[in-house]
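# A look at the structure
Letter by letter, the chains look like this.
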Amino acid sequence: MTTLHEIFNLGQSAWLDYISRDLIASGGLADWIAKGVVGVTTNPSIFEGAIAKTSDYDSEVKSLAAAGKNASEIYEVLTLQEVGTAADILRKVYDDTQGLDGYVSLEVSPLLASDRDTTVSEAKRLFKALNRPNVMIKIPATPEGISALEECIASGVNVNSTLIFSEEQYAQVAEAYIRGVKARAEKNLDPKVSSVASVFVSRVDSAVDKLLAEKGNTDLCGKIATDSIKFTYERFKKIFAGSEWEALEAKGAKLQRPLWASTGTKNKAYSDTKYVDDLIAPNTVNTIPPATMVAFVDHGKAALTLEKDLDGAKARAKALADSGIDLKAVCAKLLADGVEAFNNAFRSLMSSIEVKAK
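All figures in this text were calculated on a predicted structure; none of them were measured in a lab.

## What about the overall build of the protein chain?
- Broken down by element type, the protein chain carries 16 helices and eight strands.
- Against the compact-globule benchmark of 21 Å for 358 residues, the protein chain has a radius of gyration of 20 Å, which places it among compact chains.
- Expressed as lengths along the three principal axes of its C-alpha atoms, the size of the protein chain is roughly 60 × 50 × 45 Å.
- The proportion of buried residues among the 358 residues of the protein chain is 54%.
- Across the protein chain, contacts joining residues at least 24 apart in sequence account for 77% of those joining residues at least 6 apart.
- Per element, the accessible surface of the protein chain, about 14,900 Å² overall, is 51% carbon and sulfur.
- The positive charge centre, built from 42 side chains, and the negative charge centre, built from 48, are 1 Å apart in the protein chain.

## Points about the nonpolar core
- Ranked by internal contacts, the top residues of the largest apolar core, which has 114 residues, are Tyr170 and Phe240.
- In terms of residue count, helix 6 (residues 71–96) provides more of this core than any other element does, eleven residues in total.

## A few points about the packing of helix 6 against helix 16 (residues 327–357)
- Remark: helix 6 packs on helix 16, axes separated minimally by 9 Å, with the N-to-C direction vectors making an angle of 100°. By the criterion of interaxial angle, the relationship of helix 6 to helix 16 is roughly perpendicular. Contact with helix 6, carried on its side by Ala71, Ser72, Ile74 and Tyr75, involves Phe346, Leu349, Met350, Ile353, Glu354 and Ala357 of helix 16 and no other residues of that element.
- Residue classes in the contact of helix 6 with helix 16 are distributed as eight nonpolar, one polar and one charged.

## Observations concerning the pairing of strand 8 (residues 284–288)
- A large share of strand 8 lies buried, amounting to five of its five residues.
- Bridge analysis of strand 1 (residues 12–16) against strand 8 gives five bridges, and the strand direction is parallel. When the bridges of strand 8 are listed, alanine 14 appears paired with asparagine 286.

## What about the pairing of strand 4 (residues 135–140)?
- With six of six residues buried, strand 4 is to be regarded as a mostly interior element.
- In this sheet, strand 4 lies alongside strand 3 (residues 103–107) in parallel orientation, the contact comprising four bridges. Along strand 4, the bridge assignment pairs glutamate 107 with lysine 138.
- Considered for its hand, the β-α-β crossover made up of strand 3, helix 7 (residues 116–130) and strand 4 is right-handed.
- Pairing between strand 4 and strand 5 (residues 159–164): four bridges, direction parallel. Looking at strand 5, one finds that lysine 138 is bridged to asparagine 160.

## Brief notes about the pattern of salt bridges
- A complete count under the given rule lists 23 salt bridges for this structure.
- Where aspartate 58 meets lysine 356, a salt bridge forms, and the shortest distance between an N and an O atom there is 2.5 Å. Of the two residues, aspartate 58 sits in helix 5 (residues 58–66) while lysine 356 sits in helix 16, which places them 298 residues apart along the sequence.
- With a relative accessible area of 26%, lysine 356 lands in the partly exposed category.
- Aspartate 96 is the salt-bridge partner of lysine 92, the closest N and O atoms lying 2.6 Å from each other. Of this pair, lysine 92 and aspartate 96 are both found in helix 6, four residues apart, which corresponds to roughly one turn of the helix.

Thresholds, definitions, all that
Residues numbered from 1 in each chain as written. Predicted model: local features only at pLDDT ≥ 70, side-chain atom pairs only at ≥ 80, totals over all residues. Heavy atoms only, no water. Helix = DSSP H or I, 4+ residues; strand = E, 2+ residues; numbered from the N terminus. Rg over C-alpha atoms; globule rule 2.2 N^0.38 Å. Buried < 20%, exposed > 50% of the residue type's maximum accessible area, 1.4 Å probe, protein only. Contact = heavy atoms within 4.5 Å. Areas by Shrake-Rupley, 256 points an atom, 1.4 Å probe, with all protein chains shown as cover. Lys, Arg positive; Asp, Glu negative; His and termini not counted. Charge placed at Lys NZ, Arg CZ, Asp CG, Glu CD. Core = buried A, V, L, I, M, F, W, Y, C linked by side-chain atoms within 4.5 Å. Axes fitted to C-alpha atoms, helices over the stretch in contact; angles between N-to-C directions. Parallel < 35°, antiparallel > 145°, perpendicular 65-115°, else oblique. Nonpolar A, V, L, I, M, F, W, Y, C, P; charged D, E, K, R; others polar. Pairing = 2+ DSSP bridges. Right-handed = clockwise from strand over helix to strand, strands pointing away. Salt bridge = Lys/Arg side-chain N within 4 Å of Asp/Glu carboxyl O.

Structure follows, in structure tokens:
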């Protein structure tokens, strides 16, 4: 019994924000599952580290290049293979939790973040290629991506909507998910499609703390990101309530759980388990990087924390606005920066594969 099992009993699922050939082949993923991990997420930066910065894949890159495949095709073969293998390892978790957990996420190319139609077609193609019920296709929550999410859900594709930074952006994602589920129900299709809404946390503190420091106001440092998650969670409970949702739920529709992402501590002045300890609540997921996962298992605290001090969070939000910091503008910039960071990681990975292939 670890703290990961303990938070699961409190209603929160711990997913591992990492994948690699070595993690799978060494039995590391199986070990984490034994400790209470019930899912895996990936992104272009993770695959860049796994494929470009190790020699684990070199022999396959060589053979695929010799077979005439280009960098993009090589990338797809390798990522589908890794995600598929991880999903097979997690299939028992999926079955044991009746489809609540056991998922592995694979992101569509971030270069498509502003291309709604191609995102939809790529998401459908990748979901079909993986051909497993316990995979999710990650789609950035840009305006075009939110529209793509709705279409994909309506088509029966499991989706992890990613790069969410604000409560308003989260609400748009959740409402798009419900519209997609409703469209399925209206066509007498099974509305039971799986989805999570990935809300990024620590990056908000990093950005806001810098602005607060410039103003000489450090009292709010390290608090705004967690407070934002409190408001998002309250919004989640309101959206997934009421007669419309209850009617869909009665037909088999599943909650789109909020998932807390970017939960590694970037500021060394803060606890190394801050963004796990402070964000525990029912019907949520926390996708945790390996170092933070190790720390949480070692000395993290399993307790329902997220809904505490909501009045304090409201007071701090007002104080932030009174200080002249526009949180909506900060979050909009973080979304643009996040898309560009994944784009850069993806381009770097393609370049590295080309070099390895040569």
